[in-house]
Each structure stands twice: as structure tokens, then as C-alpha cells.
Amino acid sequence: MSLGGAGTTSRRRTLIVAPALLIVLLATGCGKSATSGSSSNTTVPAAPAVGAGATAQQSADLAQAQQDLTSLNGQLRQVDSDLDTNPNTEGDATP
Amino acid sequence: MRGPRWTQSLVAGFLAIATAVALPGLAGAQGTIRNQTLPVAHTICDNAITRRLSDLRQVESDVNAAVHVTATDRSSLDAILSATTLGLMALETKIDADTTLVTLRADCASIVTGYRVYLLVDPQARLVVGADRALAASATLNSLAGLLQTTITQKQGAGKNVTAATSELTQLTGDIQAAQSSASPVPGQIVPLTPDGYPGNRPTLVSARSELATAQRDLTAGIQAAQTAIADLDAIG
């Protein structure tokens, strides 16, 4: 019944080791990363195109509002990431 | 003979993968600590605290860097972050002194349940900072609306047709008010939340996040209205 000896053993090891490696990768990836950001449905609009008639102050206000929006979007992404954390372990501590 | 062994290997592999997927986070923590020696378990718990303290320092740095945060909100967040940090440091000291796995496991669990760094404290800080940022953007757009009103009045006095620009300005002021209405209540709703109220207080976090997303959309619309108003005023000369 032997169909290859060492070759068969090698393939069998591969079958056993490959899932084990995948488990390690999954377990590592499941940990909560404090700085990781999950996808967010919110999108920041492109930088405003200001017409030639805009005053310097108007342009400055538009740019500042745009910057505020970008920052707000960043905060919301962080919140999404935090709220997605596993409630039982928060990623690593044991209950 | 060969077929069944292959099948067994495959089944064992897939079962292991399924277990890892179904229990995220536990493979590297809970499953480990229950089978480890006390020193190893100490390390696992200490690492969990260290990671949270590092996160709290980062959040505190972000709050300090956010110049638009109101003094009241800054004080509230400082108090929350400080209390959480000191509590975790005290817990770390206790954990280091634990001599049984049973006690250690209970203390290690309180890293999560007693502080809720990722599920509560972080979102608290981010939502309050975000709300104040939305209000700051509203104030900036309000200033811009004033400038646009002045320009409209001047051009109207010069006999120009300012109908389109006036319409956009009305849109802008409506968006500003809507954004302020959404963002203003958030700090007052979020700051009082405490770890022992979790998960009951989670809907408040989720609702606040939704309110800020609404404010963001209103602010985006406001910026676009302001751009259009500026373009309209530019076009009429």
C-alpha cells in the first residue's frame, strides 16, 4: 500500500503544518491594535476649489473647515475600530 | 489506509482553523493563560496592561494636541484618562503580587471589565474631541457665512443679482445649525459614562458616533454650499 513513502509523509506534514501556520496568523491578526483603523463609511470631501473671487479670509475659512472635517473623520474611524473590539477580551486580556 | 489518514489530517486542520476563527483573541490569551505557569501568566497580564497604558498615553497626547477642545471637556477627559491610568498601574502592582493562578485570572479579567479602555475610554475621548472639532468647524463656517453675507449685501447694493448666492448662503447657515445641533449634546452624553455601565452604555456611544457622522455630512454640505456661493458671487462680478 505504500505509495511514495517520504513524499507522502512530506505532503502529510504540509497538511498539518499549513493549518497550524494559518492559526498562528489568525491568532496574531485577531489581537486588538490600538492604532489600527477599520473601514468607515464616512468620506472626506476633496479639498474645496475656491473661486478667483474668494477673499483670503474666505479661503482660509474653507481650508480650516476642510481640515476640521478631515480630523473628525479620523476620530470617527478610531471610534469604529474601538467599538469593534471583542467585548470579552478586548483583544488580549483573559476573563 | 492512506485515504482516511489524509481525511483525518484535513479534518483536524480545519477544526483547528474554525476554532481560531470562532474565538478571536482567546487563542493568544485565555487559552494560553489557563495552561501556563504563574510567571508566564503574569507576563500575559502585564503585557495587557502595558498595551493599555501605551494606548492611554497616545490618546492623552492626541487630546492635548487638539487645540479646539473646550476647557471643560479637556478637564473631563484628563480626569478620565488619569483615573484609568492610575487604576491600571495599581492593578499591575496587585497582579505582580498575585501568587495563585485563580487570583491572577480574576485580576487579569478586571483589566477588561474594570476599565474598558478600548470599548469605552478610547471612544469617549475620540467622540468628545470629534464633537468639539465639529463645533469648531461650525464656528469657522459661521464666520465664513458672515463674510459671504457682507459680500452679498455689497453686490446687492451695486445692483447685482444675488439670488443664487443668497440661496446658497441660506443652505450654508442651515447646514451649520444642523451640525451644531448634532454635535453639541455629544460631550454631555459621553463624559458621564463609566466602565461598570458597560455594555448598557454602549448604545450611547453608538448613537453619539451616528450624530457626529450626521454632523460631518452637514458640514460637508455646508462647505459645498459656501464654495458655490463664492463661485456665484465671482460670476456676477
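Residues numbered from 1 in each chain as written. Chains lettered and ligands numbered in written order. Predicted model: local features only at pLDDT ≥ 70, side-chain atom pairs only at ≥ 80, totals over all residues. Heavy atoms only, no water.

Draft legend 1. Structural context of the overall build of chain A. Along its length, chain A carries two helices and zero strands. Taken across its 95 residues, chain A has 38% of its residues classed as buried. Accessible surface, chain A as shown: approximately 5000 Å² in total, 60% of it carbon and sulfur. (Helix = DSSP H or I, 4+ residues; strand = E, 2+ residues; numbered from the N terminus. Buried < 20%, exposed > 50% of the residue type's maximum accessible area, 1.4 Å probe, protein only. Areas by Shrake-Rupley, 256 points an atom, 1.4 Å probe, with all protein chains shown as cover.)

Draft legend 2. Seen up close, the confidence of the model for chain A. This prediction gives chain A a mean pLDDT of 62; 39% of its residues lie at or above 70. With pLDDT under 50 throughout, residues 1-42 of chain A is counted as low confidence; its partners more than four residues away or in other chains account for 59 contacts. (pLDDT = per-residue confidence, 0-100. Contact = heavy atoms within 4.5 Å.)

Draft legend 3. A look at the packing of helix 2 (residues 56-83) of chain A against helix 6 (residues 117-157) of chain B. The geometry of helix 2 of chain A relative to helix 6 of chain B is characterised by a closest axis approach of 8 Å and an angle of 160° between their N-to-C directions. Between helix 2 of chain A and helix 6 of chain B, the angle falls in the class roughly antiparallel. Crossing angle aside, the handedness with which helix 2 of chain A passes helix 6 of chain B is left-handed. Along the lines of polarity and charge, the residues of the contact of helix 2 of chain A with helix 6 of chain B split into 17 nonpolar, ten polar and six charged. (Axes fitted to C-alpha atoms, helices over the stretch in contact; angles between N-to-C directions. Parallel < 35°, antiparallel > 145°, perpendicular 65-115°, else oblique. Left-handed = near helix turned anticlockwise from the far one by under 90°. Nonpolar A, V, L, I, M, F, W, Y, C, P; charged D, E, K, R; others polar.)

Draft legend 4. Molecular detail of the environment of Q36 of chain B. Residues and elements named next belong to chain B. Mapping Q36 onto the fold places it in the loop between helix 2 (30-33) and helix 3 (38-65). Given a relative accessible area of 29%, Q36 falls into the partly exposed group. For the pair Q36 and L101, spaced 65 residues apart in the sequence, the C-alpha separation amounts to 9.0 Å. Excluding residues within four positions of it along the chain, Q36 makes contact with A41 and L101.

Draft legend 5. Seen up close, helix 5 (residues 101-113) of chain B. Residues and elements named next belong to chain B. With 13 residues, helix 5 extends 18 Å from end C-alpha to end C-alpha; this agrees with the ideal 18 Å at 1.5 Å per step. If you check which residues of helix 5 are buried, you get L104, D107, C108, A109, I111 and V112. Buried-residue contacts for helix 5 involve helix 3 and helix 4 (71-97). (Expected span 1.5 Å × (residues − 1).)

Draft legend 6. Geometry of the pattern of salt bridges. According to the stated counting rule, one finds six salt bridges over all chains in the structure shown. For D80 of chain A, the salt bridge is made with R209 of chain B, and the minimal N-O distance between the two is 2.6 Å. Residue D80 of chain A is located in helix 2, and its partner R209 of chain B is located in helix 9 (residues 202-236); the two belong to separate chains. When sorted by exposure, D80 of chain A lands in the same class as R209 of chain B, which is buried. Across the pair D107 of chain B and K94 of chain B runs a salt bridge whose closest N-O atoms are separated by 2.7 Å. Placement of D107 of chain B in helix 5 and of K94 of chain B in helix 4 is noted, with a sequence separation of 13 residues between them. Taken together, the salt bridges that share partners define one network made up of K94, D98 and D107 of chain B. (Salt bridge = Lys/Arg side-chain N within 4 Å of Asp/Glu carboxyl O.)

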